[in-house]
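# Structural features, examined
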Amino acid sequence: MKKVEYDVLIIGLGMAGASLAWKLSNTNLRILAIDSKPWNRFGDKPCGDAISKEHFDNLGMPYPEGKELEEKVEGIKLYSPDMKTVWTVKGEGFEIDSPTYIQRLANEANKRGVEILDLTTAMKPIVNNGKVEGAILFNRRTNETIEVRSKITVDATGYSMSFRSKLPFEFPVTETLDDKDADIAYREVLYTKDEIEDYKYLRIFITQKASPGGYWWYFPKGPNKTNVGLGIQGGMGYPSIHEFYNKYVDYYAPDIDKNRLVVKGGALVPTRRPLATIVWDGIAVIGDSAFTVNPVHGGGKGSAMISAFCVAKAITNAFEIEDFSAKGLWSANECYIERYGAKQASLDLFRRFLQKLSDDEINYGMAKRVIREEDLLEASANGDLQLSVAEKAMRVIMALGKPSLLFKLKTVAEYMKRVKELYKNFPTDPSNLIKWKNSVDSVILEFNQVLQ
Ligand code: FDA
Ligand code: PGT
């Protein structure tokens, strides 16, 4: 068997792995990055392709340009189930061509010295004395099995979690995904028959009837092309996603030309708080595999980049102090929690509440502004659900028709605050992780019971 040694092995070149390779390519570390797909299909996975511009600014990532940028987004329109209320949330973003953008990151990293193998799969981890020490790979291009020894191995394998799931269960990074903590999502990209009205705005349609526990979206990729799809909650015994798609596509996307289909496909979207720890001895986990997706809107590309940013910094530091253990990499957790993880945890609770609402309640809540655009935006930006005293009193009067909804919302806001507090007290040392994780899990459990 061929044997090689690297400082860092990155498994998976989706948005998470490619961003990490790109970030680390300006260090002098010896890096190998691999993906099971051929080069020209890196980044080719079912996605709505929408990302907020802020992520690129905050993380120093290059803006998509040329073919990579399909449309500049100016905001999102959020439709109530009965379509009577439309909230417009302004904010700059991009509709990207994911494969082209991700391949550009991989190419630039490669030019700066990161070695890349395509058609290469990590078959199993190498574990020694409780530490990850690399992986056994199989390269389909050369039909070779390769033993890679690496100081740090990064799982960026997406929702398949195909590397970390093969580690011994004593590794905290083996945490599994409950079916109900994921949405099954499907999308098609098609040309439209006519020019799309307001094509710089993404459309999100909230409807428990046509997408239980998720939503329908219509994301224009320019004046004549759109990405249309839906998510439904997993583990609920609902009919298949295709049944929902076929039944409602004409309603939510009446202008598509079904004869001009560009691409179609579905995948799983984790909708929960991140892994309790994204690092352990010799290993880091980023992107979907680390559950870094936003639980309420299902967007995971920006937060995959955040996790890559945090892990890149932690890896650089680990090589400076020559400590590749959980302790040496721990700053990755602190960085990720501060930038996105704590917000995700509180939105995990908000998501559980939203998924239990009926269409009637959502219609009512949006029309009467039990929650307002500002509240939703604030919740989405920081994970805080603010209900100020005077407004609360007013809304009690307004909500007399359905006081239970307002009462529930107050309880939800309290629990969201509680879980955020817990994340502020994330342990400074790996030895206290399990105790902390148990306290988070028990808040979630208690909240589930309150919601019943
Ligand atoms: P990703 O899955 O992209 O990459 C993992 C890579 O690892 C793959 O290339 C795979 O081949 C490789 N791999 C896996 N196992 C391997 C192994 N053992 N060896 C070698 N390679 C291996 N997000 C968003 O921000 N905006 C949006 O509009 C949407 N819309 C959307 C719609 C739909 C239908 C879905 C299903 C999802 C979204 N998302 C989204 C979520 C978003 O697509 C997702 O969060 C990111 O693409 C995740 O990127 P990763 O790099 O983590 O995984
Ligand atoms: C309710 C459960 C939902 C589960 C979701 C699963 C669906 C899977 C489908 C996957 C499609 C992915 C679509 C991705 C859209 C990306 C949207 C986006 O970019 O959002 C921006 C940016 O957010 P960010 O967190 O990435 O970045 C923050 C910041 O810029 C970085 O510093 C923000 O836009 C929004 O927040 C809009 C909010 C969308 C909310 C969606 C639905 C919620 C339903 C609300 C109902 C309210 C009714 C209440 C009544 C009481």
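What you see is a predicted model; the values in this text were computed from it and never measured.

Here is what the cut-offs are and how they apply
- Residues numbered from 1 in each chain as written.
- Chains lettered and ligands numbered in written order.
- Predicted model: local features only at pLDDT ≥ 70, side-chain atom pairs only at ≥ 80, totals over all residues.
- Heavy atoms only, no water.
- Near = heavy atom within 4 Å.
- Polar contact = N/O pair within 3.5 Å; in protein donor to acceptor, adjacent residues only side chain to side chain.
- Areas by Shrake-Rupley, 256 points an atom, 1.4 Å probe, with all protein chains shown as cover.
- Helix = DSSP H or I, 4+ residues; strand = E, 2+ residues; numbered from the N terminus.
- Nonpolar A, V, L, I, M, F, W, Y, C, P; charged D, E, K, R; others polar.
- Domains from an automatic or database assignment.
- Axes fitted to C-alpha atoms, helices over the stretch in contact; angles between N-to-C directions.
- Parallel < 35°, antiparallel > 145°, perpendicular 65-115°, else oblique.
- Left-handed = near helix turned anticlockwise from the far one by under 90°.
- Contact = heavy atoms within 4.5 Å.
- Pairing = 2+ DSSP bridges.
- Disulfide = S-S within 2.5 Å.
- Phe/Tyr/Trp six-rings, centres within 6.5 Å; stacked < 30°, edge-to-face > 60°.
- Salt bridge = Lys/Arg side-chain N within 4 Å of Asp/Glu carboxyl O.
- Buried < 20%, exposed > 50% of the residue type's maximum accessible area, 1.4 Å probe, protein only.
- Buried area = accessible area lost by both parts, 1.4 Å probe.
- Core = buried A, V, L, I, M, F, W, Y, C linked by side-chain atoms within 4.5 Å.

This part covers the site of ligand 2. Close to ligand 2 lie 25 residues; E54, H55, Y215, Y340 and S380 are nearest. Between ligand 2 and H297 there is a distance of 3.1 Å, counted from an oxygen atom to a side-chain nitrogen or oxygen. The separation between an oxygen atom of ligand 2 and a polar side-chain atom of K343 is 3.1 Å. Protein burial of ligand 2: of its 1300 Å² of free accessible surface, 91% is covered by the chains. Counting residues per element, the ones that place at least two in the shell around ligand 2 are α2 (53-59), β12 (216-220) and α7 (331-356). Broken down by element, the residue count for the shell around ligand 2 peaks at five residues, all from α7. When the residues that make up the shell around ligand 2 are grouped by side-chain class, the tally is eleven nonpolar, ten polar and four charged.

The immediate surroundings of ligand 1 are formed by 34 residues, with D35, G48, A50, S162 and D288 found nearest. Between S162 and ligand 1, the recorded distance is 2.8 Å, taken from a side-chain N or O atom to a nitrogen atom. Contacts to ligand 1 include G300, whose backbone N or O atom sits 2.9 Å from a nitrogen atom. Considered on its own, ligand 1 offers 1000 Å² of accessible surface; in the complex 93% of this is hidden by protein. Of all the secondary-structure elements, those providing two or more residues to the shell around ligand 1 are α1 (15-24), β7 (120-128), β12 and β14 (256-270). Here the shell around ligand 1 gets three residues from one element, more than from any other, and that element is β7. Per-class residue counts for the shell around ligand 1 are 14 nonpolar, 14 polar and six charged. Counting residues domain by domain, the shell around ligand 1 receives three or more from each of domain 1 (2-48 + 100-176 + 275-329) and domain 2 (70-93 + 179-270).

With that settled, consider the packing of α1 against helix α3 (residues 98-111). Packed helices, taken two at a time, are described by the angle their axes make and the gap between the axes. At a minimum axis distance of 8 Å, the contact between α1 and α3 shows a crossing angle of 30 degrees. Between α1 and α3, the crossing angle belongs to the class labelled roughly parallel. Every pair of crossing elements has a handedness; the one defined by α1 and α3 is left-handed. Across the interface between the two elements, M15, A18, S19, A21 and W22 from α1 touch Y101, I102, L105, E108 and A109 from α3. Residue composition of the contact of α1 with α3, grouped by class: eight nonpolar, one polar and one charged.

For the rest of this paragraph, the subject is the sheet that holds strand β11 (residues 201-205). With mixed pairing, the eight strands of this open sheet are ordered in space as β3-β5-β4-β11-β12-β13-β10-β14. Two strands in the sheet have a free side with no partner beyond their single neighbour: β3 (50-52) and β14. Adjacent strand axes in the sheet meet at a mean angle of 30 degrees, parallel and antiparallel pairs treated alike. Looking at chain direction, strand β10 (residues 182-192) and strand β13 (residues 225-233) are connected through nine bridges and run antiparallel. Across the sheet, the residue bridging to Y191 is K225, located in β13.

This part takes up the state of the cysteines. For the coordinates displayed, the defined rule picks out one disulfide. Covalent S-S linkage joins C310 and C335, the inter-sulfur distance amounting to 2.0 Å. A torsion of -65 degrees about the S-S bond marks the disulfide between C310 and C335 as left-handed. Of the two residues, C310 sits in helix α5 (residues 301-321) while C335 sits in helix α7, which places them 25 residues apart along the sequence.

Bringing the packing of aromatic side chains into the picture now. Two descriptors summarise a pair of aromatic rings, namely the distance from one centre to the other and the angle between the planes of the rings. Counted under the stated rule, the structure contains 21 aromatic pairs. Plain terms: the ring middles of W216 and Y245 are 5.6 Å apart, the flat faces sit at 20 degrees to each other, and that makes the pair stacked. Of this pair, W216 sits in strand β12 while Y245 sits in helix α4 (residues 241-252), and the two are 29 residues apart along the sequence. On the numbers, 4.8 Å between centres and 85 degrees between planes, the contact of Y251 with Y252 is edge-to-face.

As a further point, take the pattern of salt bridges. Across all of its chains, the model carries 33 salt bridges by this definition. Two residues, E95 and K221, come together in a salt bridge whose shortest N-O distance is 3.2 Å. Taken together, the positions of E95 in strand β5 (residues 86-96) and K221 in the loop between β12 and β13 put the pair 126 residues apart, joining distant regions of the chain. Overall, the relative accessible area of 0% leaves E95 in the buried class. Overall, the relative accessible area of 6% leaves K221 in the buried class. One salt bridge in this structure joins K327 and D429, with 3.1 Å as the shortest N-O distance. Placement of the pair is K327 in helix α6 (residues 326-329) and D429 in the loop between α11 (403-424) and α12 (433-451), with a sequence separation of 102 residues. You can call K327 exposed: its relative accessible area is 55%. Linked by salt bridges that have partners in common, D181, R273, D348, R351, R352, K437 and D441 make up one network.

Parsing the protein chain into structural domains produces domain 1 (2-48 + 100-176 + 275-329), domain 2 (70-93 + 179-270) and domain 3 (344-451). Computed from C-alpha coordinates alone, the two centres of domain 2 and domain 3 are separated by 25 Å. Counting from both sides, the interface comprises 18 residues of domain 2 and, opposite them, 16 residues of domain 3. Interface area for domain 2 against domain 3, summed over the two sides, is near 1400 Å², with a carbon-plus-sulfur share of 59%.

On to the environment of K131. Tracing the sequence through the fold places K131 in strand β8 (residues 131-139). For the pair formed by K131 and V173, sequence separation is 42 residues and the distance between their alpha carbons is 12 Å. With near-sequence residues (within four places) excluded, K131 lies in contact with I126, F171 and D281.

The next subject is the nonpolar core. By size, the foremost hydrophobic cluster in this structure holds 125 residues, and its most contacted members are V8, M15, L20, L137, I315, F350 and F353. Beyond its immediate chain neighbours, meaning those up to four positions away, I315 contacts V8, L24, L29, I152, V154 and L329.

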